[in-house]
Structure formats: C-alpha cells, structure tokens
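Fold and contact review
Each chain is listed here by its residues.
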Amino acid sequence: MAKEKKLVEAITSMEEDFAQWYTDVVKKAELVDYSSVKGCMIIKPAGYAIWENIQKELDKRFKETGVENVYMPIFIPESLLEQEKDHVEGFAPEVAWVTHGGLNELQERLCVRPTSETLFCDFYKNLIQSYRDLPKVYNQWCSVVRWEKETRPFLRTREFLWQEGHTVHATAEDAEARTVQMLNLYANFCEEVLAIPVVRGQKTEKEKFAGAEATYTIEALMHDGKALQSGTSHNFGDGFAKAFGIQYTDKDNKLHYAYQTSWGMTTRIIGALIMVHGDDSGLVLPPRIAPVQAMVIPIQQKKDGVLDKANEVVSRLSNVCRIKIDDSDKTPGWKFSEQEMRGIPVRIELGPKDIENNKCVVVRRDTREKIEVSLDDIETKVPEILEAIQKDMFERAKAHRDSHIWDAHNYEEFKDVAENKPGFIRAMWCGDEACENKIKEDLSVTSRCMPFEDQERISEVCACCGKPAHKLVYWGKAY
Ligand SMILES: [Zn+2]
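Anyway, here's the lowdown on the structure attached to this text.

Criteria and cut-off values
- Residues numbered from 1 in each chain as written.
- Predicted model: local features only at pLDDT ≥ 70, side-chain atom pairs only at ≥ 80, totals over all residues.
- Heavy atoms only, no water.
- Helix = DSSP H or I, 4+ residues; strand = E, 2+ residues; numbered from the N terminus.
- Contact = heavy atoms within 4.5 Å.
- Lys, Arg positive; Asp, Glu negative; His and termini not counted.
- Charge placed at Lys NZ, Arg CZ, Asp CG, Glu CD.
- Pairing = 2+ DSSP bridges.
- Axes fitted to C-alpha atoms, helices over the stretch in contact; angles between N-to-C directions.
- Patch = residues over 30% accessible without salt bridge, like charges linked within 9 Å, V, L, I, M, F, W, Y side chains within 5 Å.
- Areas by Shrake-Rupley, 256 points an atom, 1.4 Å probe, with all protein chains shown as cover.
- Salt bridge = Lys/Arg side-chain N within 4 Å of Asp/Glu carboxyl O.
- Buried < 20%, exposed > 50% of the residue type's maximum accessible area, 1.4 Å probe, protein only.
- Left-handed = near helix turned anticlockwise from the far one by under 90°.
- Nonpolar A, V, L, I, M, F, W, Y, C, P; charged D, E, K, R; others polar.
- Donors = N, O, S within 2.8 Å, 3.2 Å for Na, K, Ca; no water.
- Tetrahedral: all angles 85-135°; square planar, octahedral: opposite > 155°, others 65-115°.
- Parallel < 35°, antiparallel > 145°, perpendicular 65-115°, else oblique.
- Expected span 1.5 Å × (residues − 1).

In this section: the overall build of the protein. Assigned secondary structure in the protein consists of 15 helices and 23 strands. Each principal axis of the C-alpha atoms in the protein carries an extent, and together these give about 80 × 55 × 50 Å. Of all intrachain contacts in the protein linking residues separated by at least 6 positions in sequence, the fraction that spans at least 24 positions is 68%. The centroid of the 64 positive side-chain charges in the protein is displaced by 3 Å from the centroid of its 79 negative side-chain charges.

Here you go:
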C-alpha cells in the first residue's frame, strides 16, 4: 500500500496549486520529459501517441475538404522573411537565426521557420499562373521554432509540433469561405473528439496574426478559469499576394492578385486536454483520442485460468476498442493508480470470482463508477460505456465553461470579476486599442475574441471607457 499511495501523493492537488498540478501530471503520466536543450521538451510515447491520434483525425478531416500535404524547408532566408512588413515585425523578436554553415559564415542569415507563410508565398508565386491553377489547398505537418523566454511543456516551448495550412484562391469570397470552413473544422474536432467546448470568434486588430486581414479563433476554458487559444484561421486577403507578387490571369486574360488563408493547430492542444479534463488522480482522456481506451487488470492473476480469461477478453475487445492488458507483477492497486494517472478511460477488472460469475467489472476513469458487465455482452457494453464517457466529459466541460462566464457592464464590475472570478468575462468594447491596453496592463486580461454566436448587446457602452460600443468581446486571463 505504501507504494500505491506514493503515486497519487506524487501530484499536487489542483486546488492547492494548479500550475504545479499541471507540471506533476505531464511528468507522472509520462507525457514529456525535460531535455538538456533549454526550453525544449521530449515528448514520450504516451504523449506522442496522443499527438498521433490528433494528427490522424485532423488529417482525415482536412483531406475530406480537399487539402493536400506538402513539406517545405525548415530555413527561411532573411530577405524572404522581410518581404511582408507586418509579418516580419510580428515574428522578429522570437526568431532563431542560423549564421554559419559548417565553419563558414553565411552570406545571408537563415531563420529557423517560426511559421511558413513567406516560404509558401515564394513557392506559390511561381506555381500559380492562371485561374486553372486555383485553388491551392496545401498543408504541412512539421515543427516550428519561436524563441520564448518562459516555457512550459506543451503550452509554450521553443520548438513545437503543428500543422500549418496555406491556401490560395481566386476571389476574396473563396478565401473567406475557406477561413471559416477551417475554423469550424477545428471547433468540431475539439468538441467531437477532444470533448472540449469552444467559443468561436474573431480576434481584435491588436490580437490578430501579423500580416492577416482577419484572424478567427477558437477559445477554450481551462479548469482554473484561464483561456487557451486552441486553433486559429487567418484570412490574408491579397496582402501577402501583393507583397510577393502572386498573380493569376483570369478567363479574359486579365491579371489579378490571389487571395490567401492560413490556419494551424499545435501540440498546445494537448495542454488543453490535460487542463480541461484532468483531476487530482492525473490525466483523464476522452475515449475518442485516448491511445489506450481500456486496460484489462487481472486480479489474482496467478490463479489458474485468470490470465487466460483476461487475454480472451483482450482479444475479443480488440475489434471494438484500443485495449491493453497489464499483466505485470505489480499489485492491482498500483496498476489501478497507474491507469488513472495515465487517463485511460476505463479499466476492466477480472478476478477468479468474476470468472465464476461470468462477469467483469468496468470502472470509468471520469466518474469512478463501477459497472458489472456479463462476459457475454462485453463487445457491445464496453463501446457503449466509452461513448457515454465521451459525451459526459463534453457535457461536464461545457457546464464548467458556462458557469464561468461573467458579464461586466462597467469598469468596476470588470475589475471585480477579473480579480475574483476565474473565467471568461463578457463585456462591450468601443473598438479602441487603448481600452485593450489598459485592461491588459491593469488586470492581465486580454481580449480573447468577438464571438460569432453570442453577439448580444449587453450594454450600450464600453465597459472600459464608457464610450458607445457595438461589439461584445470575450475577455480572459490566458495561457
Ligand atoms: Zn473603450
């Protein structure tokens, strides 16, 4: 028992110190390890398997909309990065530079890609000549580097994994439609697969992507009431096309600039999974993304027939879920806490008594509910339980999110909520960046988005300055 206690005691409780809880979980659930490269992480098998499932599901959904995958170089020549003014200003402070090739100083510095708009534009300007070449809907899976000062596993690391989609269209309408389509794809993925409810909306001018005409975002609320930007989709208009000379001739042989979008989701989303669903026993993974959905734990496995029966259960269930058996020589109690720490959605306990009664006990990770299931019915019951967990996890996260949205009508209310009530703040905004700056400086709160679905006018004036206001904004402290 002493040993079993240790695993649970190894993590700080969420209430006591959420940041420490997070660090403990990523470590004890064996998602990551620290490396001797400052600010970079090692993603371990349990963490990388989650990313692989995210990739598989997203990639499938991308391809259903006509996306094709490509791969671009990791380096960007300085002159290329500088071609779009806003873009270079936005990224310059966090770019890593390569100055030498072997022993020789390079004639032109190369940056390690922080994002690949400029490379794609340089590529597209030669690839696209006529309206027949459009649209181009390319995506790449890769890593990017941003020289962050403070880093945390998954949430902010100097190198991280992501996908970046870059598309080119003949018209502004087509580009806008693609921007919205990809945002909705991300939102549906988060809600249907990760069980994370999101708010869809538009970023303000201050918060939008460097070089974009408009940035759309999905924002999720973590257990501690902080927001996490979970995916973004940018409409570039023809700004990049003008800077890079991406032009096509139409049917009448007239020359036009093309319209572009880009959109991305990163390994940060694994941080969201942890902070939306986790509890004081560790990770809780939604079944649809969990690399292992069910863990069979034999009880008194040395007794005759127990392991055979357990393996039979694994073999029968392997057609309907991702299943493993823990037949190591650790005690069942230790195995239980390990399964809980790793967030495996259900464990299936099977001992001599159960076998005698032709049943097993399925224990839900999310609620710890114990469900007796006849061994005759496991192929139907276990998938049903997994689906119920998926649905309940989404509903629970949504109820938590919805009960942490606060309205503020003036600055006094805004300040009170920001200081005392974790969550999203709904407040009207006049459109002036000065109000955003004041709120950020005074309260460490940023505008998250102007929601698409909840554009209700809750008052006539800006909650910060009192001037007339037309836009409802979701505000919050954010990761
Ligand atoms: Zn204002």
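Strand order in the open sheet formed by three strands is β4-β6-β5, with antiparallel pairing between adjacent strands. At either end of the open sheet lies a strand with only one pairing partner, and these are β4 (75–77) and β5 (96–101). Averaged over all neighbouring strand pairs, the angle between strand axes comes to 45 degrees, with direction disregarded. Of the strand pairs in this sheet, β4 and strand β6 (residues 104–112) are connected by three bridges, and their pairing is antiparallel. Bridge assignment links I76 to a residue of β6, and that residue is C111.

Here we come to a nonpolar patch on the surface. On the surface, a cluster of nonpolar side chains totalling about 300 Å² of accessible area is made up of Y71, I74 and F75. For F75, the position within the fold is in strand β4. Residue F75 is classed as partly exposed on the basis of its relative accessible area, which comes to 39%.

Turning next to the packing of helix α2 (residues 18–28) against helix α9 (residues 268–277). Two numbers describe how α2 lies on α9: the axes approach to 11 Å, and their chain directions differ by 115 degrees. As α2 packs across α9, the resulting crossing turns out to be right-handed. Between α2 and α9, the contacting residues are F18, W21, Y22, V25 and V26 on the first element and G271, I274 and M275 on the second. Split by residue class, the contact of α2 with α9 holds seven nonpolar, one polar and no charged.

The zinc ion binds to the protein through C430 (SG), C435 (SG), C462 (SG) and C465 (SG), with metal-donor distances spanning 2.3 to 2.4 Å. Around the zinc ion, the four donor atoms sit at angles spanning 103 to 116 degrees, and that spread fits a shape best called tetrahedral. In primary sequence terms, the donor set of the zinc ion follows C-x4-C-x26-C-x2-C. Judged by its relative accessible area of 3%, C462 is buried. The exposure class of C465 is partly exposed, given its relative accessible area of 35%.

So, about the pattern of salt bridges. Using the criterion set out here, one finds 41 salt bridges in the structure. Its salt-bridge partner being R365, residue D279 comes within 2.7 Å of it at the nearest N-O pair. Of this pair, D279 sits in the loop between α9 and β15 (294–298) while R365 sits in the loop between β18 (359–364) and β19 (370–374), and the two are 86 residues apart along the sequence. As far as burial versus exposure is concerned, D279 and R365 are alike and both buried. With a shortest N-O distance of 4.0 Å, R364 and E369 are connected by a salt bridge. Connected via shared salt-bridge partners are K27, E30, D33, K44 and R342.

Here the focus is the pairing of β6. Across five bridges, β5 lies against β6 in antiparallel orientation. Following the sheet pairing, W97 is matched in β6 by C111. Two successive antiparallel strands, β5 and β6, enclose a turn made up of two residues, where G102 displays a positive phi of approximately 60 degrees.

Contact geometry for helix α10 (residues 306–317) and helix α13 (residues 378–402): axes closest at 10 Å, N-to-C directions at 70 degrees. Put simply, α10 runs roughly perpendicular to α13. Considering how the two elements wind past one another, α10 and α13 form a crossing that is right-handed. Residue-level contacts link V313, R316 and L317 of α10 to I378, E379 and V382 of α13. Of the residues contributing to the contact of α10 with α13, the split by class is four nonpolar, no polar and two charged.

Moving on to helix α7 (residues 172–192). A rise of 1.5 Å per residue sets the reference length of α7, with its 21 residues, at 30 Å; its end C-alpha atoms lie 30 Å apart and thus fit the reference within 8%. For α7, the full list of buried residues reads A175, R178, T179, M182, L183, L185, Y186, A187, F189 and C190.

Cis geometry marks the peptide bond from L134 to P135, where omega comes out at -5 degrees. A positive phi is found at F154, a non-glycine position, where the angle reads about 70 degrees. Residue position: F154 is located in the loop between β7 (136–145) and β8 (159–169). For F154, a relative accessible area of 1% translates into the label buried. Despite not being glycine, N253 has its phi angle at roughly 65 degrees, a positive value. Tracing the backbone shows N253 in the loop between β12 (247–249) and β13 (255–257). According to the relative accessible area criterion, N253 is exposed, its value standing at 63%.

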